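# Chain and residue survey
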Amino acid sequence: MAATPAPPQAPPKPTWDPRRPQPPFPWLRPTIRIRLTLLYGGMFLIAGILLLSIIYLLAAQAISSGNQPLFKIVSFQALKVSSDNCQAINTSSLSLQDFNDAISQCVDHQRQVALDELLSRSLLALLGLAVIAFAFGYAMAGRVLSPLGRITRTARQVAGSDLSRRIELDGPDDELKELADTFDDMLERLQRAFTAQQRFVGNASHELRTPLAINRTLLEVHLSDPNAPVELQQLGKTLLATNERSEQLVEGLLLLARSDNQIVERGPVDLAEVAGQAIDQVRGEADAKGVELRGERKRAVVLGNGVLLERIALNLVQNAVRYNIPEDGWVEVTTDTEHNQAVLTVSNTGPVVPAYEVDNLFEPFRRLRTERTGSDKGVGLGLSIVRSVARAHGGHIVARPREGGGLVMRVTLPL
C-alpha cells in the first residue's frame, strides 16, 4: 500500500513586515546612513590623525636638528640677565659654564613647550573638524541615499495592496535610477497580472451565477411536486444543497476579488453596529448549537465600506459559532478603540489549534488539518475574505490560539 503523501506545507512567513511600527528611537538603528556617516567621519579622523602625526614628527625633527646653541658666552664682566621663563639664570653667582648650561636647558624647555602647544592646538582643531566632517558626512549620506528612501516608501505602499504606486525617480542615469526603473517595471507587470487575475475571477463568478440560479429554480420546482417519488425528492435535496454550496463558493470568490482592491468609496462605519448586525444574523444558528453570544461592544467609528466591514464581522462570528465545542460553548465579540485604532475582537471556545497551523487558516480553501473544503461549515474562503478586506482598509488581522481551545481573532483598522 502506497504511503499517503504529506500535505504541502505553507511557505515560510516573511520576517520583514512593512506595516510593523517603527522603533521608538529609529536613529539608533545601524542604518546604512549611520554606517556611511561613521565611515566618512572615521576615514577623515584617521587621515587627520596621520597628518597631525606627520606634522608633529617633522616639527620635532626640525627643532631637534638645531639643538646646538646659536651662541655661547665666553666671557662676561658685570653682565646681568633676567628672565621670567628661565629662573636659573637670575642667580648672580653662576659661573660661566653653569650660565651656558642654564641657557641650553631653558632653550630645550621652550622647544618642548612649543611642541606641546602645537600638539594640543592641533588636536582641538582636529576634534572640531571631525565633528564638522561627521555632520557633513551624515548630510551627504542622506542625500545619496534619498532615492533608496523613496524606493522603500513605495515598497511599503505596495505592500499595503496598492500596486498603482510608482517610484518615477528623476536624476542622473546611475545605479539607483536603474534600480528604481527596474522596480517600476516589476510593479507594472505585477499590476497587470493581478488585474487580469481579478478580472478572470470576477467574470467567471458572474458567468457561473446564471446557470447555478437556473439549476436552483429547476430543483425547487421539481421538489415542489407532491407526486414526485421519495427517491427523486431525496436526490433533489442533495443536488439543491450542492448547488447552494456552489453558489456560496461563487459569491465568496467574487467578494474576494472585489475586496483585494483599495476601497475608493468610504464612509463612517461603527464597528459596534456592524458586529451587532452580524450577531443578529448568526443568533439562530448559535442557539441551535447551544453557543452563547456575549461581549461588550463600544463605539468605534472607522472610514470604510459598510458592506465589506459587515462581511468581516459576519465571517468571524460564523466561524466562531460553527467551529465550537458541542456543549457550553461561547463566542465573545468586543469592539473598542486603542492607540488611534479601532479593534474588533472575536474569541471562542473550540478545538485546540496548534500555533503553527494558524497562518494556514487564512489561505483560500484551507481548514484546520484539511487541505480542501469538504464539510458543511463553509466554502473555505471566510478568513481569506476577512484578511483581504482588512488590508483593503489599511488594517490587518491577527489570530492566536486560545488557551484551552479555540481562537482569538483581532482585527485592527485605522480610525
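This report concerns the structure included in the present document. (Residues numbered from 1 in each chain as written. Predicted model: local features only at pLDDT ≥ 70, side-chain atom pairs only at ≥ 80, totals over all residues. Heavy atoms only, no water.)

### Thoughts on the pattern of salt bridges
- Throughout the structure, instances matching the rule amount to 7 salt bridges.
- Here E338 makes a salt bridge to R410, at a shortest N to O gap of 2.7 Å. Separated by 72 residues along the polypeptide, E338 in strand β4 (residues 329-338) and R410 in strand β7 (residues 407-414) bring together distant segments of the chain. (Salt bridge = Lys/Arg side-chain N within 4 Å of Asp/Glu carboxyl O. Helix = DSSP H or I, 4+ residues; strand = E, 2+ residues; numbered from the N terminus.)

### Digging into the nonpolar core
- Formed by 42 residues in total, the largest nonpolar core has its most connected members in I312, L316, L344, M409 and V411.
- If you list the elements that add at least two residues to this core, you get α5 (271-289), β2 (291-294), α6 (306-322), β4, β5 (341-348), α7 (382-392), β6 (396-401) and β7.
- Per-element tally for this core: the top contributor is α6, with 9 residues.
- With 7 residues, the next largest nonpolar core counts I151, I167, A180 and F183 among its residues. (Core = buried A, V, L, I, M, F, W, Y, C linked by side-chain atoms within 4.5 Å. Buried < 20%, exposed > 50% of the residue type's maximum accessible area, 1.4 Å probe, protein only.)

### Section: the pairing of β6
- Bridging between β6 and β7 involves 6 bridges; their strand directions are antiparallel. Of the residues in β7, the one forming a bridge with P401 is L407.
- In textbook terms, the turn of a hairpin is the stretch between consecutive antiparallel strands, and for β6 and β7 this stretch comprises 5 residues, one of which, G404, has a positive phi near 95°. (Pairing = 2+ DSSP bridges.)

### Digging into a negative patch on the surface
- The grouping of D173, D174, E175 and E178 at the surface amounts to a negative patch.
- Mapped onto the elements of the fold, E175 is located in helix α3 (residues 175-223).
- With a relative accessible area of 64%, E175 lands in the exposed category. (Patch = residues over 30% accessible without salt bridge, like charges linked within 9 Å, V, L, I, M, F, W, Y side chains within 5 Å. Areas by Shrake-Rupley, 256 points an atom, 1.4 Å probe, with all protein chains shown as cover. Lys, Arg positive; Asp, Glu negative; His and termini not counted. Charge placed at Lys NZ, Arg CZ, Asp CG, Glu CD.)

### Quick notes on the sheet that holds β6
- Pairing is mixed across the open sheet formed by 5 strands, whose spatial order is β2-β4-β5-β7-β6. Only two strands of the sheet have a single partner each, and these edge strands are β2 and β6. Direction aside, the axes of adjacent strands within the sheet are offset by 15° on average.
- Packed onto the sheet, α6 meets β2, β4, β5, β6 and β7 and runs at close to 20° relative to β5. (Axes fitted to C-alpha atoms, helices over the stretch in contact; angles between N-to-C directions. Contact = heavy atoms within 4.5 Å.)

### Focus on the side chain of T335
- Following the sequence through the fold, T335 ends up in strand β4.
- A polar atom in the side chain of T335 sits 2.7 Å from the backbone oxygen of K298.
- Every residue in contact with T335, bar those within four places of it in the chain, is listed here: L271, A272, A275, E296, R297, K298, V343 and L344. (Polar contact = N/O pair within 3.5 Å; in protein donor to acceptor, adjacent residues only side chain to side chain.)

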